[in-house]
Amino acid sequence: MHSKILILDFGSQVTQLIARRVRDAGVFSEVHPYDVSDEFIRTYGASGIILSGGPSSVTEGDTPRAPMAVFEAGVPVLGICYGMQTMAAQLGGVVENGLVREFGYAEVRAHGHTALLNGINDFVTDEGHGMLKVWMSHGDKVNQMPEGFKLMASTPNCPIAGMADESRRFYAVQFHPEVTHTLQGEAMLSRFVHEICGCKSDWNMPDYIEEAVAAIRAQVGSDEVILGLSGGVDSSVAAALIHRAIGDQLTCVFVDHGLLRLNEGKMVMDMFAKNLGVKVIHVDATAQFMGHLAGVTDPEAKRKIIGREFVEVFQVEAGKLSNAKWLAQGTIYPDVIESAGKGKKGAHTIKSHHNVGGLPETLNLKLLEPLRELFKDEVRKLGVALGLPHSMVYRHPFPGPGLGVRILGEVKHEYAELLRRADAIFIEELRNTVVDPQAEKQITWYDATSQAFAVFLPVKSVGVMGDGRTYDYVVALRAVQTQDFMTAHWAHLPYDLLGRVSNRIINEVRGINRVVYDISGKPPATIEWE
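Values in this document were obtained by computation on a predicted structure and should not be read as measured data. Positions within a chain are numbered from 1, following the residues in the order the chain's sequence is written. Reporting of local features is limited, given that this is a predicted model, to residues whose pLDDT is at least 70; pairs of side-chain atoms are given and counted only at 80 or more, and all residues count toward the totals for whole chains, interfaces and linings. In computing side-chain properties, one takes all heavy atoms of the structure into account and sets aside hydrogens as well as water.

Focus: the nonpolar core
Working step 1: Residues grouped as a nonpolar core are buried Ala, Val, Leu, Ile, Met, Phe, Trp, Tyr and Cys residues, joined through side-chain atoms within 4.5 Å. The rule is simple: take the accessible area with a 1.4 Å probe, protein chains only, and divide by the maximum for that residue type; under 20% is buried, over 50% is exposed, in between is partly exposed. Formed by 52 residues in total, the largest nonpolar core has its most connected members in L259, I407, L430, L477, L493 and I505.
Working step 2: The helix count covers DSSP runs of H or I at least four residues long, the strand count covers runs of E at least two residues long, and both are numbered beginning at the N terminus. At nine residues, the largest contribution of residues to this core is made by helix α14 (residues 413–432).
Working step 3: In this structure L477 touches F426, F453, A454, L498, V501, I505, V515, V516, Y517 and D518, once residues within four positions along its chain are discounted. What makes two residues a contact is simply this: any of their non-hydrogen atoms within 4.5 Å.

Brief notes about the UniProt feature "binding site: ATP" (unreviewed entry) in the protein chain
Working step 1: UniProt's entry tags S230, G231, G232, V233, D234, S235 and S236 with the feature "binding site: ATP" (unreviewed entry), counted in the numbering of this structure.
Working step 2: For S230, the position within the fold is in the loop between β11 (224–229) and α7 (233–246).
Working step 3: On the basis of relative accessibility, which here comes to 28%, the residue S230 falls in the partly exposed class.
Working step 4: Every residue in contact with S230, bar those within four places of it in the chain, is listed here: S235, F254, L260 and E264.
Working step 5: The contacts of S236, once residues within four sequence positions are left out, are L229, G231, F272, L388 and M392. UniProt positions are given in the numbering used here, feature names are shortened, and annotations may be inferred rather than shown by experiment.

Details of the packing of helix α6 (residues 205–220) against α7
Working step 1: Comment: axis = line fitted to C-alpha atoms, over the contacting stretch for helices; angle = value between 0 and 180 degrees taken between N-to-C directions. Put simply, α6 and α7 touch, their axes get as near as 9 Å, and they point 70° apart. With respect to each other, α6 and α7 are oriented roughly perpendicular. When you trace α6 past α7, the crossing you get is right-handed. Here I209, A212, V213, I216, R217 and V220 of α6 lie close against α7, whose contacting residues are L241, I242, R244, A245 and I246.
Working step 2: Under the scheme applied, nonpolar residues are Ala, Val, Leu, Ile, Met, Phe, Trp, Tyr, Cys and Pro; charged residues are Asp, Glu, Lys and Arg; polar residues are all the others, including Gly. Its residues assigned to classes, the contact of α6 with α7 shows nine nonpolar, no polar and two charged. Geometric relationships in this document are graded by angle, where less than 35 degrees denotes roughly parallel, more than 145 denotes roughly antiparallel, 65 to 115 denotes roughly perpendicular, and other angles denote oblique. Crossings are assigned a handedness: left-handed for a near helix turned anticlockwise from the far helix by less than a right angle, right-handed for a clockwise turn.

Some words on the pairing of strand β14 (residues 324–328)
Working step 1: In terms of residue burial, β14 counts as a mostly covered element, since four of its five residues are buried.
Working step 2: Here a strand pair is declared whenever DSSP counts at least two bridges between the two strands. As defined by bridge partners, β11 adjoins β14 across four bridges and the pair is classed as parallel. From the neighbouring strand, I226 faces β14, where its bridge partner is L327.
Working step 3: Bridge analysis of β14 against strand β15 (residues 366–368) gives three bridges, and the strand direction is parallel.

Considerations on the UniProt feature "active site" (unreviewed entry) in the protein chain
Working step 1: Listed under "active site" (unreviewed entry) in the UniProt record, and renumbered for this structure, are C81, H176 and E178. Look at the named residues: they lie 98 residues apart in sequence, but the longest C-alpha span between them is just 11.0 Å, so in the fold they bunch up.
Working step 2: When you line up the elements, H176 lands in the loop between β10 (170–173) and α5 (185–196).
Working step 3: Apart from the residues lying within four places of it in its own chain, the contact partners of H176 are V14, G53, I80, C81, W135, S137 and T182.

A closer look at the pairing of strand β1 (residues 4–9)
Working step 1: In terms of burial, β1 is a largely internal element, six of the six residues being buried.
Working step 2: Going residue by residue along β1, you find K4, L6 and L8 tucked away on one face and I5, I7 and D9 tucked away on the opposite face as well.
Working step 3: Pairing between β1 and strand β2 (residues 28–33): six bridges, direction parallel. In the strand pairing of β2, L8 is matched with H32.
Working step 4: When β1 meets strand β3 (residues 48–51), the two strands line up parallel, connected through four bridges.

Looking at the packing of α7 against helix α12 (residues 376–385)
Working step 1: Between α7 and α12, the least distance of the axes is 10 Å, while the angle of their chain directions is 45°. As the angle between them shows, α7 and α12 are arranged oblique. For the pair α7 and α12, the crossing hand works out as left-handed. Residue-level inspection shows V233, D234, V237, L241 and R244 of α7 in contact with α12, the latter providing K376, V379, R380, L382, G383 and A385.
Working step 2: In terms of residue class, the contact of α7 with α12 is made up of six nonpolar, one polar and four charged.

This is how it looks when you write it as C-alpha coordinates:
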(Lines give C-alpha, C1' and ligand atoms only; values in the text may rest on other atoms or scores of the structure.)
Protein backbone atom coordinates (compact mmCIF):
# COMPACT_ATOMS: atom_id res chain seq x y z
CA MET A 1 0.00 0.00 0.00
CA HIS A 2 1.46 3.34 -1.06
CA SER A 3 1.89 6.27 1.26
CA LYS A 4 -0.46 8.95 -0.07
CA ILE A 5 -0.90 12.66 0.14
CA LEU A 6 -4.37 14.12 -0.37
CA ILE A 7 -4.53 17.50 -2.13
CA LEU A 8 -7.74 19.47 -1.84
CA ASP A 9 -8.27 21.79 -4.79
CA PHE A 10 -9.70 25.26 -4.24
CA GLY A 11 -9.57 26.14 -7.94
CA SER A 12 -5.98 27.27 -8.53
CA GLN A 13 -4.67 26.95 -12.08
CA VAL A 14 -1.49 25.34 -10.67
CA THR A 15 -2.98 22.85 -8.22
CA GLN A 16 -1.82 19.92 -10.33
CA LEU A 17 1.75 21.15 -9.96
CA ILE A 18 1.51 20.35 -6.25
CA ALA A 19 0.65 16.75 -7.10
CA ARG A 20 3.47 16.56 -9.59
CA ARG A 21 6.04 17.89 -7.10
CA VAL A 22 4.88 15.40 -4.48
CA ARG A 23 5.14 12.54 -6.97
CA ASP A 24 8.57 13.78 -8.04
CA ALA A 25 9.51 13.15 -4.41
CA GLY A 26 8.45 9.52 -4.84
CA VAL A 27 5.14 9.84 -2.99
CA PHE A 28 1.74 9.15 -4.53
CA SER A 29 -0.71 12.06 -4.44
CA GLU A 30 -4.22 12.71 -5.68
CA VAL A 31 -6.23 15.88 -6.21
CA HIS A 32 -9.85 16.04 -5.08
CA PRO A 33 -12.32 18.95 -4.84
CA TYR A 34 -12.22 20.99 -1.64
CA ASP A 35 -15.82 20.07 -0.76
CA VAL A 36 -15.37 16.32 -0.29
CA SER A 37 -17.22 14.98 2.72
CA ASP A 38 -15.84 14.57 6.22
CA GLU A 39 -16.35 10.84 5.77
CA PHE A 40 -14.15 10.89 2.66
CA ILE A 41 -11.37 12.59 4.62
CA ARG A 42 -11.64 10.11 7.48
CA THR A 43 -11.53 7.02 5.26
CA TYR A 44 -9.08 8.16 2.57
CA GLY A 45 -6.00 7.09 4.51
CA ALA A 46 -3.82 10.10 3.74
CA SER A 47 -0.45 10.47 5.45
CA GLY A 48 -0.83 14.23 5.00
CA ILE A 49 -3.15 16.80 3.44
CA ILE A 50 -2.32 19.84 1.31
CA LEU A 51 -4.78 22.69 0.77
CA SER A 52 -4.23 24.42 -2.59
CA GLY A 53 -4.50 28.01 -3.64
CA GLY A 54 -7.59 29.41 -5.32
CA PRO A 55 -9.19 32.53 -6.84
CA SER A 56 -11.77 33.19 -4.09
CA SER A 57 -11.53 35.53 -1.11
CA VAL A 58 -11.93 34.11 2.39
CA THR A 59 -13.25 37.53 3.46
CA GLU A 60 -16.34 37.25 1.26
CA GLY A 61 -19.54 35.36 1.99
CA ASP A 62 -20.09 31.85 0.67
CA THR A 63 -16.53 31.02 -0.38
CA PRO A 64 -14.81 27.61 -0.20
CA ARG A 65 -13.76 26.10 3.10
CA ALA A 66 -11.94 22.89 3.89
CA PRO A 67 -13.91 20.10 5.58
CA MET A 68 -13.29 20.40 9.31
CA ALA A 69 -12.31 16.71 9.28
CA VAL A 70 -9.04 17.88 7.67
CA PHE A 71 -8.01 19.48 10.95
CA GLU A 72 -9.34 16.58 13.03
CA ALA A 73 -7.67 13.75 11.09
CA GLY A 74 -4.48 13.76 13.15
CA VAL A 75 -2.23 14.08 10.09
CA PRO A 76 0.01 16.96 8.99
CA VAL A 77 -1.66 19.71 6.96
CA LEU A 78 0.01 22.22 4.64
CA GLY A 79 -1.96 25.25 3.46
CA ILE A 80 -0.78 27.09 0.34
CA CYS A 81 -1.97 30.66 -0.45
CA TYR A 82 -5.79 30.41 -0.23
CA GLY A 83 -5.20 27.17 1.67
CA MET A 84 -3.33 29.18 4.31
CA GLN A 85 -6.08 31.79 4.48
CA THR A 86 -8.91 29.30 4.92
CA MET A 87 -6.86 27.38 7.51
CA ALA A 88 -6.41 30.62 9.46
CA ALA A 89 -10.08 31.63 9.19
CA GLN A 90 -11.40 28.17 10.10
CA LEU A 91 -9.14 27.79 13.13
CA GLY A 92 -9.87 31.17 14.66
CA GLY A 93 -7.48 33.57 12.95
CA VAL A 94 -8.30 36.73 10.99
CA VAL A 95 -7.92 37.28 7.24
CA GLU A 96 -8.23 40.71 5.63
CA ASN A 97 -8.04 42.29 2.19
CA GLY A 98 -4.47 43.42 1.67
CA LEU A 99 -3.83 47.09 0.91
CA VAL A 100 -0.85 46.00 -1.19
CA ARG A 101 -1.24 42.92 -3.38
CA GLU A 102 1.70 40.68 -4.16
CA PHE A 103 2.00 39.03 -7.57
CA GLY A 104 5.26 37.57 -8.78
CA TYR A 105 8.75 37.47 -7.30
CA ALA A 106 9.23 38.11 -3.59
CA GLU A 107 11.89 37.56 -0.97
CA VAL A 108 10.61 35.97 2.22
CA ARG A 109 12.34 35.93 5.58
CA ALA A 110 12.10 32.63 7.47
CA HIS A 111 11.40 32.72 11.21
CA GLY A 112 11.33 30.29 14.10
CA HIS A 113 13.38 27.36 12.80
CA THR A 114 10.24 25.33 12.09
CA ALA A 115 10.46 21.73 10.91
CA LEU A 116 9.25 22.80 7.46
CA LEU A 117 11.80 25.54 6.71
CA ASN A 118 14.69 24.90 9.09
CA GLY A 119 17.95 24.94 7.12
CA ILE A 120 16.22 25.77 3.82
CA ASN A 121 17.14 29.16 2.34
CA ASP A 122 18.40 30.82 -0.82
CA PHE A 123 20.68 33.32 0.89
CA VAL A 124 21.46 34.74 4.32
CA THR A 125 21.41 38.48 5.06
CA ASP A 126 24.17 40.34 6.82
CA GLU A 127 22.02 40.16 9.94
CA GLY A 128 21.95 36.36 9.67
CA HIS A 129 18.35 36.02 8.48
CA GLY A 130 17.57 33.11 6.15
CA MET A 131 15.83 34.34 3.00
CA LEU A 132 13.76 32.51 0.38
CA LYS A 133 13.17 33.55 -3.23
CA VAL A 134 9.51 32.74 -3.87
CA TRP A 135 6.53 33.38 -6.12
CA MET A 136 3.51 35.19 -4.62
CA SER A 137 -0.01 35.53 -6.03
CA HIS A 138 -2.44 36.98 -3.51
CA GLY A 139 -4.50 39.96 -2.51
CA ASP A 140 -5.82 38.83 0.90
CA LYS A 141 -3.52 38.05 3.80
CA VAL A 142 -3.63 36.61 7.29
CA ASN A 143 -3.75 39.50 9.79
CA GLN A 144 -3.96 37.43 12.98
CA MET A 145 -2.83 33.83 13.45
CA PRO A 146 -5.05 31.28 15.16
CA GLU A 147 -4.24 30.32 18.73
CA GLY A 148 -1.29 27.91 18.93
CA PHE A 149 0.38 29.14 15.72
CA LYS A 150 3.71 30.94 15.52
CA LEU A 151 5.24 33.07 12.80
CA MET A 152 7.16 31.04 10.19
CA ALA A 153 7.84 33.59 7.41
CA SER A 154 7.27 37.24 6.50
CA THR A 155 7.75 39.91 3.84
CA PRO A 156 7.51 43.69 4.27
CA ASN A 157 4.09 43.68 2.56
CA CYS A 158 2.90 40.46 4.21
CA PRO A 159 3.99 40.27 7.86
CA ILE A 160 2.47 36.77 8.17
CA ALA A 161 3.70 35.00 5.03
CA GLY A 162 3.94 31.66 6.82
CA MET A 163 2.68 30.18 10.09
CA ALA A 164 2.97 26.90 11.96
CA ASP A 165 1.33 25.01 14.81
CA GLU A 166 3.97 22.34 15.26
CA SER A 167 2.12 20.55 18.06
CA ARG A 168 -0.57 19.65 15.53
CA ARG A 169 1.83 19.61 12.55
CA PHE A 170 -0.12 22.34 10.75
CA TYR A 171 1.92 24.52 8.38
CA ALA A 172 0.88 27.25 5.97
CA VAL A 173 2.65 29.51 3.49
CA GLN A 174 1.30 32.48 1.54
CA PHE A 175 3.64 31.81 -1.39
CA HIS A 176 3.53 28.94 -3.90
CA PRO A 177 6.18 26.24 -3.33
CA GLU A 178 4.79 24.18 -6.23
CA VAL A 179 5.96 26.56 -8.98
CA THR A 180 9.52 26.55 -10.25
CA HIS A 181 9.87 30.28 -9.49
CA THR A 182 10.01 29.36 -5.79
CA LEU A 183 13.57 28.07 -5.88
CA GLN A 184 13.39 25.93 -2.73
CA GLY A 185 9.82 24.80 -3.32
CA GLU A 186 10.80 21.26 -4.21
CA ALA A 187 12.87 20.98 -1.02
CA MET A 188 9.96 22.30 1.07
CA LEU A 189 7.41 19.88 -0.34
CA SER A 190 9.88 16.98 -0.04
CA ARG A 191 10.51 17.97 3.58
CA PHE A 192 6.77 18.05 4.25
CA VAL A 193 5.92 14.67 2.73
CA HIS A 194 8.99 12.75 3.92
CA GLU A 195 10.04 14.19 7.27
CA ILE A 196 6.80 15.69 8.56
CA CYS A 197 4.29 13.20 7.09
CA GLY A 198 6.66 10.21 7.26
CA CYS A 199 5.95 9.02 3.70
CA LYS A 200 8.21 6.51 1.99
CA SER A 201 9.51 7.00 -1.56
CA ASP A 202 7.49 4.10 -2.95
CA TRP A 203 5.96 5.66 -6.07
CA ASN A 204 7.86 4.89 -9.29
CA MET A 205 6.90 3.72 -12.77
CA PRO A 206 8.76 0.35 -12.98
CA ASP A 207 6.97 -0.84 -9.85
CA TYR A 208 3.70 0.73 -11.01
CA ILE A 209 3.47 -1.56 -14.05
CA GLU A 210 2.47 -4.57 -11.96
CA GLU A 211 -0.25 -2.58 -10.20
CA ALA A 212 -1.57 -1.10 -13.43
CA VAL A 213 -1.62 -4.48 -15.20
CA ALA A 214 -3.56 -6.03 -12.33
CA ALA A 215 -6.03 -3.12 -12.30
CA ILE A 216 -6.63 -3.38 -16.07
CA ARG A 217 -7.20 -7.14 -15.88
CA ALA A 218 -9.63 -6.70 -12.99
CA GLN A 219 -11.52 -3.93 -14.79
CA VAL A 220 -11.70 -5.56 -18.23
CA GLY A 221 -11.98 -9.25 -17.43
CA SER A 222 -12.44 -11.26 -20.63
CA ASP A 223 -13.86 -8.34 -22.65
CA GLU A 224 -12.19 -6.97 -25.74
CA VAL A 225 -10.77 -3.45 -25.79
CA ILE A 226 -10.49 -1.04 -28.70
CA LEU A 227 -7.92 1.75 -28.51
CA GLY A 228 -7.44 4.78 -30.70
CA LEU A 229 -3.76 4.77 -31.54
CA SER A 230 -2.54 8.18 -32.69
CA GLY A 231 1.19 7.55 -32.66
CA GLY A 232 1.68 10.07 -29.88
CA VAL A 233 3.37 9.20 -26.60
CA ASP A 234 0.20 8.89 -24.54
CA SER A 235 -1.77 6.52 -26.76
CA SER A 236 1.37 4.51 -27.52
CA VAL A 237 2.18 3.96 -23.84
CA ALA A 238 -1.46 3.17 -23.12
CA ALA A 239 -1.42 0.57 -25.92
CA ALA A 240 1.79 -1.02 -24.65
CA LEU A 241 0.48 -1.15 -21.07
CA ILE A 242 -2.91 -2.60 -22.00
CA HIS A 243 -1.27 -5.12 -24.35
CA ARG A 244 1.00 -6.18 -21.48
CA ALA A 245 -2.13 -6.75 -19.38
CA ILE A 246 -4.55 -8.47 -21.79
CA GLY A 247 -2.62 -9.32 -24.98
CA ASP A 248 -4.86 -10.14 -27.95
CA GLN A 249 -7.96 -8.84 -26.19
CA LEU A 250 -6.70 -5.42 -27.34
CA THR A 251 -7.30 -4.15 -30.86
CA CYS A 252 -5.82 -0.78 -31.79
CA VAL A 253 -7.45 1.44 -34.39
CA PHE A 254 -4.95 3.74 -36.02
CA VAL A 255 -6.87 6.58 -37.61
CA ASP A 256 -5.06 8.51 -40.30
CA HIS A 257 -7.02 11.76 -40.44
CA GLY A 258 -4.66 13.26 -42.99
CA LEU A 259 -3.17 15.54 -40.32
CA LEU A 260 -0.26 13.41 -39.14
CA ARG A 261 3.43 14.26 -39.29
CA LEU A 262 5.60 13.14 -42.20
CA ASN A 263 5.82 9.32 -42.51
CA GLU A 264 4.08 8.90 -39.15
CA GLY A 265 1.64 6.26 -40.38
CA LYS A 266 4.40 3.89 -41.45
CA MET A 267 6.31 4.42 -38.20
CA VAL A 268 3.28 3.58 -36.07
CA MET A 269 2.42 0.46 -38.02
CA ASP A 270 6.03 -0.75 -38.00
CA MET A 271 6.43 -0.26 -34.26
CA PHE A 272 3.20 -1.77 -33.03
CA ALA A 273 2.07 -4.26 -35.63
CA LYS A 274 5.50 -5.58 -36.65
CA ASN A 275 7.69 -5.13 -33.58
CA LEU A 276 5.29 -5.47 -30.65
CA GLY A 277 2.78 -7.88 -32.18
CA VAL A 278 -0.20 -5.69 -31.35
CA LYS A 279 -3.38 -6.06 -33.43
CA VAL A 280 -3.68 -2.77 -35.34
CA ILE A 281 -6.41 -1.79 -37.81
CA HIS A 282 -5.23 1.02 -40.08
CA VAL A 283 -8.09 3.30 -41.17
CA ASP A 284 -7.44 6.00 -43.76
CA ALA A 285 -10.15 8.52 -42.95
CA THR A 286 -8.50 11.53 -44.60
CA ALA A 287 -11.43 12.28 -46.91
CA GLN A 288 -13.95 12.02 -44.05
CA PHE A 289 -12.06 14.46 -41.81
CA MET A 290 -11.16 16.92 -44.55
CA GLY A 291 -14.72 16.98 -45.80
CA HIS A 292 -16.10 17.97 -42.40
CA LEU A 293 -13.33 20.52 -41.81
CA ALA A 294 -13.90 22.32 -45.12
CA GLY A 295 -14.72 25.98 -44.55
CA VAL A 296 -14.28 25.78 -40.74
CA THR A 297 -11.89 28.36 -39.27
CA ASP A 298 -12.69 28.55 -35.55
CA PRO A 299 -10.10 26.59 -33.47
CA GLU A 300 -12.59 25.22 -30.96
CA ALA A 301 -14.96 24.18 -33.75
CA LYS A 302 -12.12 22.34 -35.50
CA ARG A 303 -11.22 20.47 -32.32
CA LYS A 304 -14.82 19.45 -31.77
CA ILE A 305 -15.21 18.25 -35.35
CA ILE A 306 -12.04 16.18 -35.16
CA GLY A 307 -13.12 14.72 -31.83
CA ARG A 308 -16.56 13.90 -33.19
CA GLU A 309 -15.15 12.19 -36.26
CA PHE A 310 -12.79 10.13 -34.12
CA VAL A 311 -15.81 8.84 -32.25
CA GLU A 312 -17.57 8.11 -35.56
CA VAL A 313 -14.61 6.07 -36.80
CA PHE A 314 -14.39 4.18 -33.52
CA GLN A 315 -18.10 3.49 -33.67
CA VAL A 316 -17.75 1.85 -37.08
CA GLU A 317 -14.71 -0.20 -36.07
CA ALA A 318 -16.17 -1.17 -32.70
CA GLY A 319 -19.22 -2.52 -34.49
CA LYS A 320 -16.98 -5.02 -36.24
CA LEU A 321 -15.68 -6.38 -32.91
CA SER A 322 -18.57 -8.24 -31.35
CA ASN A 323 -16.96 -8.60 -27.93
CA ALA A 324 -15.53 -5.07 -27.69
CA LYS A 325 -16.88 -3.53 -24.52
CA TRP A 326 -14.21 -0.91 -23.77
CA LEU A 327 -12.72 2.08 -25.55
CA ALA A 328 -9.22 2.79 -24.23
CA GLN A 329 -7.76 6.29 -24.41
CA GLY A 330 -4.42 7.85 -23.51
CA THR A 331 -5.96 10.58 -21.38
CA ILE A 332 -3.47 12.02 -18.87
CA TYR A 333 -3.71 14.58 -16.09
CA PRO A 334 -2.86 17.68 -18.19
CA ASP A 335 -5.75 16.81 -20.55
CA VAL A 336 -8.09 16.82 -17.60
CA ILE A 337 -6.70 20.08 -16.21
CA GLU A 338 -7.12 22.11 -19.40
CA SER A 339 -10.61 20.75 -19.97
CA ALA A 340 -11.68 22.02 -16.54
CA GLY A 341 -11.88 18.50 -15.27
CA LYS A 342 -11.81 16.89 -11.85
CA GLY A 343 -11.61 19.33 -8.97
CA LYS A 344 -11.88 22.41 -11.17
CA LYS A 345 -15.21 23.92 -10.18
CA GLY A 346 -15.46 27.28 -11.91
CA ALA A 347 -12.14 26.93 -13.72
CA HIS A 348 -11.93 28.30 -17.25
CA THR A 349 -11.77 25.89 -20.18
CA ILE A 350 -8.62 26.85 -22.10
CA LYS A 351 -9.33 24.41 -24.94
CA SER A 352 -11.21 21.18 -25.32
CA HIS A 353 -9.59 17.80 -25.85
CA HIS A 354 -11.16 15.12 -28.02
CA ASN A 355 -10.29 12.42 -25.46
CA VAL A 356 -11.80 14.05 -22.38
CA GLY A 357 -15.34 14.38 -21.19
CA GLY A 358 -16.95 11.03 -21.77
CA LEU A 359 -18.45 9.32 -24.78
CA PRO A 360 -21.85 9.39 -26.46
CA GLU A 361 -24.20 6.67 -25.27
CA THR A 362 -24.60 5.46 -28.86
CA LEU A 363 -21.00 4.22 -28.82
CA ASN A 364 -22.02 1.55 -26.30
CA LEU A 365 -18.48 1.27 -24.98
CA LYS A 366 -17.17 1.79 -21.48
CA LEU A 367 -14.12 4.00 -21.02
CA LEU A 368 -10.69 2.62 -20.05
CA GLU A 369 -8.14 5.31 -19.23
CA PRO A 370 -5.13 3.67 -17.57
CA LEU A 371 -2.98 6.83 -17.70
CA ARG A 372 -5.60 9.31 -16.50
CA GLU A 373 -3.85 10.00 -13.18
CA LEU A 374 -0.30 10.21 -14.59
CA PHE A 375 1.70 13.26 -15.55
CA LYS A 376 3.59 13.39 -18.83
CA ASP A 377 6.97 12.66 -17.28
CA GLU A 378 5.49 9.63 -15.51
CA VAL A 379 3.97 8.40 -18.79
CA ARG A 380 7.38 8.62 -20.46
CA LYS A 381 9.09 6.72 -17.63
CA LEU A 382 6.34 4.11 -17.83
CA GLY A 383 6.86 3.76 -21.58
CA VAL A 384 10.60 3.12 -21.17
CA ALA A 385 9.88 0.61 -18.40
CA LEU A 386 7.48 -1.16 -20.78
CA GLY A 387 10.24 -1.49 -23.38
CA LEU A 388 9.19 1.16 -25.88
CA PRO A 389 12.06 2.87 -27.75
CA HIS A 390 13.47 5.89 -25.93
CA SER A 391 13.34 7.95 -29.14
CA MET A 392 9.60 7.38 -29.45
CA VAL A 393 8.72 7.81 -25.78
CA TYR A 394 10.62 11.08 -25.55
CA ARG A 395 9.16 12.56 -28.72
CA HIS A 396 7.73 16.00 -28.30
CA PRO A 397 4.00 16.16 -27.53
CA PHE A 398 1.68 16.12 -30.54
CA PRO A 399 -1.94 17.30 -30.20
CA GLY A 400 -4.77 14.84 -30.75
CA PRO A 401 -6.20 16.95 -33.60
CA GLY A 402 -2.75 16.79 -35.19
CA LEU A 403 -1.85 19.42 -37.76
CA GLY A 404 -5.48 20.53 -37.69
CA VAL A 405 -4.63 22.97 -34.88
CA ARG A 406 -1.27 23.91 -36.38
CA ILE A 407 -2.90 25.13 -39.58
CA LEU A 408 -4.46 28.46 -38.68
CA GLY A 409 -7.92 28.98 -40.09
CA GLU A 410 -9.36 26.54 -42.62
CA VAL A 411 -7.67 23.14 -42.95
CA LYS A 412 -6.87 22.12 -46.51
CA HIS A 413 -4.98 19.13 -47.88
CA GLU A 414 -2.54 21.48 -49.67
CA TYR A 415 -1.75 23.28 -46.40
CA ALA A 416 -1.20 20.02 -44.55
CA GLU A 417 1.27 18.81 -47.18
CA LEU A 418 3.30 22.02 -46.99
CA LEU A 419 3.29 22.05 -43.20
CA ARG A 420 4.26 18.37 -42.92
CA ARG A 421 7.41 18.91 -44.94
CA ALA A 422 8.37 22.19 -43.24
CA ASP A 423 7.86 20.65 -39.80
CA ALA A 424 9.98 17.61 -40.70
CA ILE A 425 12.88 19.85 -41.76
CA PHE A 426 12.69 21.83 -38.50
CA ILE A 427 12.69 18.68 -36.36
CA GLU A 428 15.49 17.09 -38.40
CA GLU A 429 17.74 20.12 -37.90
CA LEU A 430 16.97 20.23 -34.17
CA ARG A 431 17.92 16.55 -33.87
CA ASN A 432 21.14 17.09 -35.84
CA THR A 433 22.40 20.16 -33.95
CA VAL A 434 24.11 19.85 -30.56
CA VAL A 435 23.72 22.57 -27.97
CA ASP A 436 27.38 22.64 -26.93
CA PRO A 437 29.88 20.78 -29.13
CA GLN A 438 32.51 21.10 -26.38
CA ALA A 439 30.39 19.48 -23.68
CA GLU A 440 31.25 16.02 -22.41
CA LYS A 441 27.65 14.88 -22.83
CA GLN A 442 26.24 15.84 -26.21
CA ILE A 443 22.66 17.11 -26.06
CA THR A 444 20.82 18.08 -29.21
CA TRP A 445 18.51 21.04 -29.47
CA TYR A 446 15.64 18.59 -29.90
CA ASP A 447 16.38 17.18 -26.44
CA ALA A 448 16.97 20.67 -25.03
CA THR A 449 13.50 21.84 -26.08
CA SER A 450 10.27 20.50 -24.61
CA GLN A 451 8.14 21.01 -27.71
CA ALA A 452 8.98 22.25 -31.19
CA PHE A 453 6.93 22.43 -34.36
CA ALA A 454 5.98 24.51 -37.38
CA VAL A 455 2.70 26.40 -37.79
CA PHE A 456 1.06 27.15 -41.13
CA LEU A 457 -0.18 30.73 -41.52
CA PRO A 458 -2.98 31.23 -44.07
CA VAL A 459 -1.42 34.38 -45.46
CA LYS A 460 0.84 35.01 -48.41
CA SER A 461 3.82 37.31 -48.60
CA VAL A 462 5.86 38.71 -51.44
CA GLY A 463 9.28 37.21 -52.04
CA VAL A 464 12.02 37.07 -54.64
CA MET A 465 13.54 33.85 -55.97
CA GLY A 466 16.06 34.17 -58.75
CA ASP A 467 14.86 36.97 -60.96
CA GLY A 468 11.21 36.35 -60.26
CA ARG A 469 8.62 37.59 -57.80
CA THR A 470 6.92 35.03 -55.58
CA TYR A 471 3.70 35.27 -53.61
CA ASP A 472 3.68 32.28 -51.30
CA TYR A 473 2.73 31.09 -47.82
CA VAL A 474 4.36 31.73 -44.45
CA VAL A 475 5.24 29.26 -41.70
CA ALA A 476 6.11 30.06 -38.10
CA LEU A 477 8.52 28.00 -36.04
CA ARG A 478 7.72 27.40 -32.37
CA ALA A 479 10.11 25.93 -29.80
CA VAL A 480 9.63 26.14 -26.04
CA GLN A 481 11.34 25.01 -22.87
CA THR A 482 9.25 24.07 -19.84
CA GLN A 483 9.17 21.76 -16.88
CA ASP A 484 5.43 21.48 -16.46
CA PHE A 485 3.76 22.76 -19.69
CA MET A 486 1.71 25.16 -17.55
CA THR A 487 4.29 27.87 -18.06
CA ALA A 488 6.89 27.92 -20.84
CA HIS A 489 9.73 30.06 -22.18
CA TRP A 490 10.53 30.37 -25.86
CA ALA A 491 13.74 28.53 -26.69
CA HIS A 492 16.70 30.74 -27.55
CA LEU A 493 17.76 28.74 -30.59
CA PRO A 494 21.03 29.81 -32.25
CA TYR A 495 20.68 32.14 -35.20
CA ASP A 496 22.67 29.85 -37.45
CA LEU A 497 20.29 26.97 -36.67
CA LEU A 498 17.24 29.12 -37.39
CA GLY A 499 18.87 30.37 -40.56
CA ARG A 500 19.61 26.84 -41.72
CA VAL A 501 16.03 25.74 -41.08
CA SER A 502 14.62 28.76 -42.88
CA ASN A 503 16.93 28.28 -45.85
CA ARG A 504 16.02 24.60 -46.20
CA ILE A 505 12.26 25.16 -45.89
CA ILE A 506 12.20 27.94 -48.47
CA ASN A 507 14.40 25.97 -50.89
CA GLU A 508 12.86 22.52 -50.40
CA VAL A 509 9.19 23.25 -49.84
CA ARG A 510 7.77 24.88 -52.96
CA GLY A 511 4.92 27.15 -51.90
CA ILE A 512 6.58 28.69 -48.81
CA ASN A 513 8.73 31.80 -49.13
CA ARG A 514 8.91 33.18 -45.60
CA VAL A 515 9.75 31.67 -42.18
CA VAL A 516 9.26 33.47 -38.85
CA TYR A 517 10.11 32.47 -35.26
CA ASP A 518 7.63 32.74 -32.37
CA ILE A 519 9.17 34.37 -29.27
CA SER A 520 6.04 34.35 -27.08
CA GLY A 521 6.01 32.74 -23.64
CA LYS A 522 3.20 30.90 -21.88
CA PRO A 523 1.46 32.87 -20.48
CA PRO A 524 0.32 35.07 -22.17
CA ALA A 525 0.38 32.81 -25.23
CA THR A 526 -0.39 29.09 -25.23
CA ILE A 527 2.19 26.64 -26.55
CA GLU A 528 0.03 25.60 -29.49
CA TRP A 529 -1.27 28.45 -31.63
CA GLU A 530 -4.84 27.07 -31.59
